[in-house]
Amino acid sequence: MRVLGVNAIFHDPSAALVVDGRIVAAAEEERFSRRKHGKRPVAFSAWELPELAMHWCLKQAGLRPEELDAVAYSFDPALTKPADDLGLSDPWDHLRVTYAQNAPNFIATALPGLDRDAVRFVAHHVAHAASAALASPHRKSAVLVLDGRGERASHLAGRYTNGRLEILASQELPQSLGLLYESLTEHLGFLRSSDEYKVMALASYGQPRFLEELRELIRADGNGGFVAEPPDWSRWAPPRIDDGSWGGDHADLACSIQHRLEEVLVELAGWLYEQTGERVLTMAGGTALNCVANSRIWRETPFEEVWVQPAAGDAGTSLGAALQISADHNEPASMMPSAALGRSWSDDELAGWLRAAGVPFSTPDDLAGEVADKLAADGVIAWFDGRSEFGPRALGYRSLLAHPGRAENLERLNDVKGREQFRPVAPMVLLEHAADIFTGGPIPSPYMLFVHDVKPEWRQRIPAAVHVDGTARIQTVDPATQPRLGSTIEQFYRRTGLPVVINTSLNTAGRPMVDDPRDALELFGSAPVDLLVLGPHLVRRGGLFSAAT
Ligand SMILES: [Fe+2]
């Protein structure tokens, strides 16, 4: 069965293709359109489809639209209620519903040849849940979904057994931990439905001074649901203007809400464990991108294993919707092999891009050694290798890499990208060394979805990788699955004694992650990066600019 998944309804539009239960392709529209997050998260943009991502998915599999058995759309308008009945103040919400009802026509127009009756609606939170449970390595798990909103709820707690979902609890709107966090994001001067991770970063600079008051307002209800309506944030701190400063009451407020969110999530996950007794918890929904909360769930609940969908935000619902339709037709889902589900080019094609750009390059026998030399000499590396990542985290396919041993490299990488200085960068660590350096979170941790404590004896050795509170959001790298990156870090380790490099996404502020070779060359030309790795090829900054003179 050939199923194309489509997410278009709220934000982060994306497409994914599942063939006979196997994930063939998944990508966000922003990587093609070069517009961060694809579109604005407003009701009147709900008609816009991820057309470029949809067409690419079909091309990747060599399929024509009429060869699809189904298109799975990750929102079911039949489940909605009027915004007023949901306690939401969005005068345009009815447009969202109307557009969703008409999505089969929009999709059939975007994919000429497709029968509009092939379009199936999948409930938004079921799509999130499937993106976690069905893409994970586990056939059976408890599943927890929390986001801003779906059709009428903001949460789902349940259990998947061999592709079948049993829903145990869901929380109706307007109660929503995701909308609560989004509302604070806006109050703190950041972009709502986009910059929530900045609140998480800011939180570690504050003290939880307002925690007691927030415990009154935001709480689990003991039956799997919760109470969480956005309070008047001005009670604790005035609206923040994003002028580049951070700290004071704003950081304390971010810290307080972050703490409270963690406590409530731990309680909800604990309730789900009591109901199911499952060994494994799988999670998705935008809230599951909160790495600090994920680690607390891992540490403080009885679940032995916690698996989080790397594209936990709405982008992942295209994949989940497609997996769910396949599962409904008794096609067992194959686990997601990695997050590298996007575009890639052959070595020859990459060389062709470089020749077309008139860029001098080399294809060294010992690429790992040459890159490690440059990293050890404190160079910044633009790293482009293999299929691009699905989800918001750079995982060694489109990454910027640097030496973790120099504290100033945090500031330097943030400057390369032109972004706020309170934003941490993350360590990539060789899997076999991870437990020597990091503690307090799961290992392996291949998707940068958990926060670990850096052991005290390592904090001074890798200062650029350590957040202000002594933690790090790690990615473990297994050379067996990422050979080029793995051997580069191994070579760096031989030179420096550090089995760690620092990693941030390959983009500059406000732009989506680099996806194609042209994006990589444009970044390399506009940012102070020393070396560009394009598959097996190397471009040196000096070589590039001396050639131009
Ligand atoms: Fe969602």
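The structure under discussion appears in the preceding block.
Fair warning: this is a prediction, and the values are worked out from it, not measured in the lab.

1. Quick look at the side chain of Thr301
Summarising the element assignment, Thr301 is placed in the loop between helix H11 (291-300) and strand E12 (305-308). What makes Thr301 buried here is its relative accessible area of 7%. Within the local environment of Thr301, its side chain forms a polar contact with the backbone oxygen of Ile297, the two atoms lying 2.7 Å apart. Look past the residues within four positions of Thr301 in its chain and what remains in contact with it is Val266, Ala269, Gly270 and Arg296.

2. A look at a nonpolar patch on the surface
On the surface, Tyr205, Trp246 and Val468 cluster together into a nonpolar patch covering about 270 Å² of accessible area. Its location among the elements puts Trp246 in the loop between strand E10 (226-227) and helix H10 (248-276). Trp246 sits in the partly exposed class, given a relative accessible area of 34%.

3. Here's the deal with the sheet that holds strand E3 (residues 22-28)
Pairing in this open sheet of 5 strands is mixed, and the strands run E3-E2-E1-E4-E5 from one edge to the other. Across the chains shown, the open sheet's two edge strands, defined by having one partner strand only, are E3 and strand E5 (119-121). Pairwise comparison of adjacent strand axes, ignoring direction, gives a mean angle of 20 degrees for this sheet. Here strand E2 (residues 14-19) runs beside E3; their pairing, made up of 6 bridges, is antiparallel.

4. Some details on the nonpolar core
Judged by nonpolar contacts, the single largest core of 96 residues is most densely connected at Leu177 and Leu281. Per-element tally for this core: the top contributor is H10, with 13 residues. When neighbours within four sequence positions are excluded, Leu177 is seen to be in contact with Leu146, Ile218, Phe226, Ala228, Leu261, Val264, Leu265 and Leu268. Judged by nonpolar contacts, the second largest core, of 55 residues, contains Leu430, Val529, Leu531 and Val539.

5. Remarks on the coordination of the iron ion
Looking at the iron ion, the protein donor atoms are His124 (NE2), His128 (NE2), Asp147 (OD) and Asp314 (OD), and they sit 2.0 to 2.3 Å from it. Classification of the site at the iron ion as irregular follows from its 4 donor atoms and the range of 88 to 171 degrees in their angles at the metal. Look at where the donors of the iron ion fall in the sequence and you get H-x3-H-x18-D-x166-D. Taken together, the positions of Asp147 in the loop between strand E6 (140-146) and strand E7 (155-161) and Asp314 in the loop between E12 and helix H12 (316-328) put the pair 167 residues apart, joining distant regions of the chain.

6. Topic: the packing of aromatic side chains
Evaluation of the coordinates by the stated rule reveals 11 aromatic pairs. Measuring from ring centre to ring centre gives 5.2 Å for Tyr273 and Phe303, while their planes differ by 90 degrees; the resulting arrangement is edge-to-face. Of this pair, Tyr273 sits in helix H10 while Phe303 sits in the loop between H11 and E12; the two residues are 30 residues apart in sequence, bridging distant segments of the chain. Take Tyr273: its relative accessible area is 25%, and that puts it in the partly exposed class. Residue class for Phe303 comes out buried when judged on its relative accessible area of 3%. Clustering of aromatic rings is evident, with ring pairs tying together Phe210, Trp233 and Trp236. Taking NZ or CZ as reference, Arg461 lies 4.2 Å from the ring centre of Trp458, over its face. Lying over the aromatic face of Phe524, Arg541 brings its terminal NZ or CZ to 5.3 Å of the ring centre.

What counts as what
Residues numbered from 1 in each chain as written. Predicted model: local features only at pLDDT ≥ 70, side-chain atom pairs only at ≥ 80, totals over all residues. Heavy atoms only, no water. Helix = DSSP H or I, 4+ residues; strand = E, 2+ residues; numbered from the N terminus. Buried < 20%, exposed > 50% of the residue type's maximum accessible area, 1.4 Å probe, protein only. Polar contact = N/O pair within 3.5 Å; in protein donor to acceptor, adjacent residues only side chain to side chain. Contact = heavy atoms within 4.5 Å. Patch = residues over 30% accessible without salt bridge, like charges linked within 9 Å, V, L, I, M, F, W, Y side chains within 5 Å. Areas by Shrake-Rupley, 256 points an atom, 1.4 Å probe, with all protein chains shown as cover. Salt bridge = Lys/Arg side-chain N within 4 Å of Asp/Glu carboxyl O. Pairing = 2+ DSSP bridges. Axes fitted to C-alpha atoms, helices over the stretch in contact; angles between N-to-C directions. Core = buried A, V, L, I, M, F, W, Y, C linked by side-chain atoms within 4.5 Å. Donors = N, O, S within 2.8 Å, 3.2 Å for Na, K, Ca; no water. Tetrahedral: all angles 85-135°; square planar, octahedral: opposite > 155°, others 65-115°. Phe/Tyr/Trp six-rings, centres within 6.5 Å; stacked < 30°, edge-to-face > 60°. Lys NZ or Arg CZ within 6 Å of the ring centre and 35° of its normal.

These figures capture arrangement, not role.
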